[in-house]
Amino acid sequence: MTTEATTAPTSRTIWARRVTDGVEPKNVIIAMCLLMGTVSHGWTGLAWAAFAALFAAVIPTMFIQRGIRKGTLEDRHVGHRQRRLTVIPFIMGSVATSFAVMLWLDAPADLTAMVLAMFASLVPILVITVWWKVSVHTAVAAGAVVCLGIALGPLWLLLAPLVAVIGWSRVVLRDHTTAQTVVGAAVGALTAGLTFWAAR
């Protein structure tokens, strides 16, 4: 699978690129953290959410950008499967660091559970990525929707169609097969959702 459509851009591929870039994992994680923290715990929650987002989204993005500058990574979405085997463990270490600090400093339970859910979902993603390029985009989006539904109410589950749209964009851009996006969504929803539910 290539990371770009091989034909000239069409309105379909242009919209797919906008979705893929606009609702990439980094942006979803930041939005979920800030939303959950603010709604559940006000200003205190917002501060902890920003801390969690720093380690789960900002620092990993900086690591990827550094790899692109050095030439070890080819794009922001890390389209090469084997290179994800370097990026994902780094992200896991960053997320684990924030979890340890939040647990030690007694951060709000919902936010600590959310960070644990992020880490837990990366475990099967890493294992699957050894053999198959499962979609991180749909895994993160599906996990976020389920966690928001558990924490803030079932109405947030109405965001689920967005996961399908993200999967569509990944397939249109030939970054993933349909099966890879579906499996990613299932892994993210189940792993993150169950971990968050059990830990909060």
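Conventions adopted
- Residues numbered from 1 in each chain as written.
- Predicted model: local features only at pLDDT ≥ 70, side-chain atom pairs only at ≥ 80, totals over all residues.
- Heavy atoms only, no water.
- Helix = DSSP H or I, 4+ residues; strand = E, 2+ residues; numbered from the N terminus.
- Expected span 1.5 Å × (residues − 1).
- Buried < 20%, exposed > 50% of the residue type's maximum accessible area, 1.4 Å probe, protein only.
- Contact = heavy atoms within 4.5 Å.
- 1 Å grid on protein atoms, 1.4 Å probe; cavity = no way out; pocket = protein on both sides within 12 Å on 5 of 7 lines; lining within 4 Å.
- Points joined across faces, edges and corners; volume = space filled by probe spheres on them.
- Nonpolar A, V, L, I, M, F, W, Y, C, P; charged D, E, K, R; others polar.
- Salt bridge = Lys/Arg side-chain N within 4 Å of Asp/Glu carboxyl O.
- pLDDT = per-residue confidence, 0-100.
- Polar contact = N/O pair within 3.5 Å; in protein donor to acceptor, adjacent residues only side chain to side chain.

## Considering helix H1 (residues 11-22)
Stage number 1. Between its first and last C-alpha atoms H1 spans 16 Å; for twelve residues at 1.5 Å apiece the expected length is 16 Å, and the two agree.
Stage number 2. When we look at burial in H1, the residues that qualify are Thr13, Ala16, Arg17, Val19, Thr20 and Asp21.
Stage number 3. At its buried positions, H1 is contacted by helix H2 (25-70), helix H5 (136-152) and helix H6 (160-172).

## Describing the layout of surface pockets
If a probe the size of a water molecule is rolled over the atoms, the empty space left behind becomes visible.
Stage number 1. Looking at the largest pocket, its volume works out to about 660 Å³.
Stage number 2. Considering the residues around the largest pocket, the lining is formed by 37 residues, among which Pro25, Lys26, Ile91, Val136 and Val140 are closest to the centre.
Stage number 3. Elements with a minimum of two residues in the lining of the largest pocket: H2, helix H3 (81-104), helix H4 (109-129), H5 and helix H7 (178-199).
Stage number 4. In terms of residue count, the dominant contributor to the lining of the largest pocket is H2 (eleven residues).
Stage number 5. Its residues assigned to classes, the lining of the largest pocket shows 24 nonpolar, eight polar and five charged.

## Comments concerning the environment of Val115
Stage number 1. On the secondary structure map, Val115 appears in helix H4.
Stage number 2. For Val115, a relative accessible area of 1% puts it in the buried group.
Stage number 3. In the structure, Val115 is positioned 103 residues away from Arg12 in sequence and 35 Å away in space, judged by C-alpha atoms.
Stage number 4. Residues within four places of Val115 in sequence aside, it is in contact with Ala52, Val95, Ser98, Phe99 and Met102.

## Re the pattern of salt bridges
Stage number 1. Applying the stated criterion across every chain yields a total of seven salt bridges.
Stage number 2. In this structure, Asp21 engages Arg76 in a salt bridge whose closest nitrogen and oxygen atoms are separated by 3.9 Å. On the criterion of sequence distance, the pair formed by Asp21 in helix H1 and Arg76 in the loop between H2 and H3 is long-range, its members being 55 residues apart.
Stage number 3. For Glu24, the salt bridge is made with Lys26, and the minimal N-O distance between the two is 3.7 Å.

## Some words on the confidence of the model for the chain
Stage number 1. Looking at the chain, pLDDT values average 94 and 96% of them are 70 or higher.
Stage number 2. Looking at the elements of the chain, mean pLDDT is at its lowest for H1, recorded as 95, and at its highest for H7, recorded as 98.
Stage number 3. Note that residues 1-6 has pLDDT below 50 and, in this model, 18 contacts with residues that lie over four places away or in other chains.

## Brief notes about the side chain of Ser121
Stage number 1. Following the sequence through the fold, Ser121 ends up in helix H4.
Stage number 2. At 2.8 Å, the side chain of Ser121 forms a polar contact with the backbone oxygen of Met118.
Stage number 3. Non-local contacts of Ser121, meaning those with residues more than four positions away in its chain, are made with Val187, Thr191 and Ala192.

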